[in-house]
Amino acid sequence: MISSLVRYVFLLFLFFSTTKSQITDVKNVFNVMSYGAVADGKTDISKAISNAWNQACQSIGGGVVLIPKGSYFVNPVELKGPCKGKMVFSLRGDLKAPIYDQSWGDADHWISFQYIDNFMMNGGGSLDGQGPSAWPYNTCARDPNCKKLPVSLRLDFVTNARISYIRLINSKNFHMNIFSCRDINLDHMQITAPGNSPNTDGIHIAETTGLRVWDSVISTGDDCLSFGPGTKNVDISRVRCGPGHGISIGSLGKNPNEKDVEGFLVKDSTFIGTQNGVRIKTWALPNALNVYNITFQGISMHNVENPIIIDQEYCPSGNCNPQGSSQVQISNVKFMNIWGTSSSKVAVVLKCSESKPCREIELQDIDLSYQGKDGPAVSQCNNVKGVSYGQEQPPSCI
Ligand SMILES: *[C@@H]1O[C@H](CO)[C@@H](O)[C@H](O)[C@H]1NC(C)=O
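Under the heading Sequence similarities (unreviewed entry), UniProt records this for the chain: "Belongs to the glycosyl hydrolase 28 family." Here is the UniProt Subcellular location (unreviewed entry) comment for the chain, exactly as written: "Secreted, Cell wall".

Draft legend 1. Main features of the overall build of the chain. When helices and strands are counted, the chain shows 2 helices and 25 strands. With respect to the three principal axes, the spread of C-alpha positions in the chain is 65 × 65 × 40 Å. Counting all 398 residues of the chain, 52% fall into the buried class. Long-range contacts, defined here as pairs at least 24 residues apart, represent 76% of the contacts in the chain between residues at least 6 apart. In the form shown here, the chain has an accessible surface area of approximately 17300 Å², with 52% of it arising from carbon and sulfur atoms. Across the chain, 35 positive and 34 negative side-chain charges occur, with their mean positions spaced 5 Å apart.

Draft legend 2. Focus on the UniProt feature "active site" (unreviewed entry) in the chain. Here the UniProt feature "active site" (unreviewed entry) sits at His245. Residue position: His245 is located in the loop between strand S15 (232–241) and strand S16 (247–252). In this view, His245 contacts Gly221, Asp222, Asp223, Gln275, Asn276 and Arg279; residues no more than four positions away in its chain are not counted. There is a polar contact of 3.3 Å between the side chain of His245 and the backbone oxygen of Gly221.

Draft legend 3. Fine view of the pairing of strand S21 (residues 328–342). Of the pairings in the sheet, the one linking strand S19 (residues 289–304) to S21 comprises 12 bridges and is parallel in character. Along S21, the bridge assignment pairs Phe296 with Phe335. Pairing geometry for S21 and strand S23 (residues 358–370), over 10 bridges, is parallel. From the neighbouring strand, Ile338 faces S23, where its bridge partner is Ile366.

Draft legend 4. Structural context of the state of the cysteines. Considering all chains together, one arrives at 5 disulfides under this definition. Between the sulfur of Cys140 and that of Cys146 lies a disulfide, 2.0 Å long from S to S. Where Cys140 bonds to Cys146 through sulfur, the torsion about that S-S bond is close to 100°, and the disulfide is right-handed. For Cys140, a relative accessible area of 23% puts it in the partly exposed group. The disulfide that involves Cys224 links it to Cys241, with 2.1 Å between the sulfurs.

Draft legend 5. Region of interest: a nonpolar patch on the surface. A cluster of nonpolar side chains, Tyr115, Phe157 and Phe179, forms an exposed patch at the surface whose accessible area comes to about 270 Å². The topology assignment puts Phe179 in strand S10 (residues 176–179). On the basis of relative accessibility, which here comes to 33%, the residue Phe179 falls in the partly exposed class.

Draft legend 6. Region of the structure containing the nonpolar core. Grouped together as the largest cluster of nonpolar side chains are 89 residues, with contacts concentrated most on Phe89, Phe113, Phe119 and Phe335. Every residue in contact with Phe113, bar those within four places of it in the chain, is listed here: Trp53, Leu79, Phe89, Phe119, Met121, Leu153, Arg154, Leu155, Asp156 and Val158.

Draft legend 7. Spatial organisation of the environment of Phe271. For Phe271, the location among the structural elements is in strand S17 (residues 261–272). Along the sequence, Phe271 and Gly246 sit 25 residues apart, while their C-alpha atoms lie 7.0 Å from each other. Those residues in contact with Phe271 that lie beyond four places of it in its chain are Cys241, Gly246, Ile247, Asn276, Gly277, Val278, Ile299, Ser300, Met301, His302 and Val304.

Draft legend 8. Representation of the pattern of salt bridges. For the structure on display, the rule yields 9 salt bridges. Close ionic contact of Asp223 with Arg279 constitutes a salt bridge, the shortest N to O distance being 3.1 Å. On the criterion of sequence distance, the pair formed by Asp223 in the loop between strand S13 (209–219) and strand S14 (225–227) and Arg279 in strand S18 (residues 276–283) is long-range, its members being 56 residues apart. Here Asp223 and Arg279 have matching classes, each one buried.

Draft legend 9. Here's a closer look at the confidence of the model for the chain. Mean pLDDT over the chain: 93, with 92% of residues reaching 70 or higher. Here residues 8–24 is modelled with pLDDT under 50, and outside its nearest four sequence neighbours on either side it reaches 3 contacts, counting other chains as well.

Draft legend 10. Highlighting unusual backbone geometry. For the peptide bond that leads from Gly81 to Pro82, omega is 0°, which places it in the cis range. Note on placement: Pro82 falls in the loop between strand S4 (77–80) and strand S5 (85–91). Cis geometry is found at the peptide bond from Gly250 to Ser251, where omega equals 20°. Positionally, Ser251 belongs in strand S16. Phi at Tyr115 takes a positive value of approximately 55°, unusual for a residue other than glycine. Following the sequence through the fold, Tyr115 ends up in strand S7 (residues 109–122). One non-glycine residue, Asn118, adopts positive backbone phi at about 75°. Position of Asn118 relative to the elements: it lies in strand S7.

Draft legend 11. Spotlight on the environment of Ser251. Take Ser251: its relative accessible area is 25%, and that puts it in the partly exposed class. Measuring from C-alpha to C-alpha, the distance between Ser251 and Lys281 comes to 4.9 Å, with 30 residues separating the pair along the chain. Beyond its immediate chain neighbours, meaning those up to four positions away, Ser251 contacts Lys281, Trp283 and Tyr314. At a separation of 3.5 Å, a polar atom in the side chain of Ser251 contacts the side chain of Lys281.

Cut-offs and rules
- Residues numbered from 1 in each chain as written.
- Predicted model: local features only at pLDDT ≥ 70, side-chain atom pairs only at ≥ 80, totals over all residues.
- Heavy atoms only, no water.
- UniProt positions renumbered as here; feature names shortened; annotations may be inferred.
- Helix = DSSP H or I, 4+ residues; strand = E, 2+ residues; numbered from the N terminus.
- Buried < 20%, exposed > 50% of the residue type's maximum accessible area, 1.4 Å probe, protein only.
- Contact = heavy atoms within 4.5 Å.
- Areas by Shrake-Rupley, 256 points an atom, 1.4 Å probe, with all protein chains shown as cover.
- Lys, Arg positive; Asp, Glu negative; His and termini not counted.
- Charge placed at Lys NZ, Arg CZ, Asp CG, Glu CD.
- Polar contact = N/O pair within 3.5 Å; in protein donor to acceptor, adjacent residues only side chain to side chain.
- Pairing = 2+ DSSP bridges.
- Disulfide = S-S within 2.5 Å.
- Patch = residues over 30% accessible without salt bridge, like charges linked within 9 Å, V, L, I, M, F, W, Y side chains within 5 Å.
- Salt bridge = Lys/Arg side-chain N within 4 Å of Asp/Glu carboxyl O.
- Core = buried A, V, L, I, M, F, W, Y, C linked by side-chain atoms within 4.5 Å.
- pLDDT = per-residue confidence, 0-100.

So, in structure tokens, the structure goes:
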């Protein structure tokens, strides 16, 4: 009792001492209000933000770009390094994106951070992407060459970053896109868009080594988290997804020369009313790469259509190479301690490639029930090698 109290007080002390030092070890504060920002929700403050950023970035030791509480209108903006020290983007206010229309132009982002080492973004503020104005322009479901709508928050070539206590609302496209980064930490993020909004993925990550996401809530119309080629060392915990399409590794194997995906631990997370729970998805195309060392552990499912799914027959527009079963080799994937309810009868789907069967797949302690009239939950396997142990509900097909 006493020792746990002591430990608690000590942790509290650690927490406050680290947050304080994170602020005080960066001395210079660049308040956007000093650069002409107006908190009226109408005046564009993108120039004020980029001027404050550039000054902070060129200061020895870096700086804090501060957006105080209030409502602001912001046009697309790119904030770039390299900088002369640690950069903090302290977002206390609420930013609103422009409405989308035919005149949008080519910007694939709303707010973009590039080439920054040692970066923090926090402050309890929000980014409202004004998605409803853009969603009617999304033709990607019927046109593979569709114009891509802008992502709300992009990180490209950013290393050693922590983004926390930020809310993202109604992005036009993905809420966050992380590309070619290293050691990115995201926590206490809240991402919200309607369940029927198109391509509003929570966070998409590719070509990145070292990603941690914890204590976050993601409700969208598409994937909660999705991982593209070249993603390594990923640690996800205490994330709540739903509505949306769940956590997805892939789609992979769409293009030649994609890099391997490996080293995932997804744990202690919850899926509520999602289309998928935990998923690995590859195109039925002849592009080779490897997906391995993936663990999903301690996951609760509530009314999820496909709680556990590997799908190597992905071919949405139907023009995959007819001989080409997927050439993505999936191995060493563990599904451990996964429980709750499935909204479809086939609660476990492991559809692997005929020419590259999945290897070392483990199902351990699975307890998924289905309440429909057509009988209890079942599992379906194609081309799977592996083992199952512990409780198996539905009965394992491995
Ligand atoms: C497998 O992935 C986990 C999670 O990222 C990592 O901690 C572990 O070191 C990896 N194992 C191997 C053998 O690479």
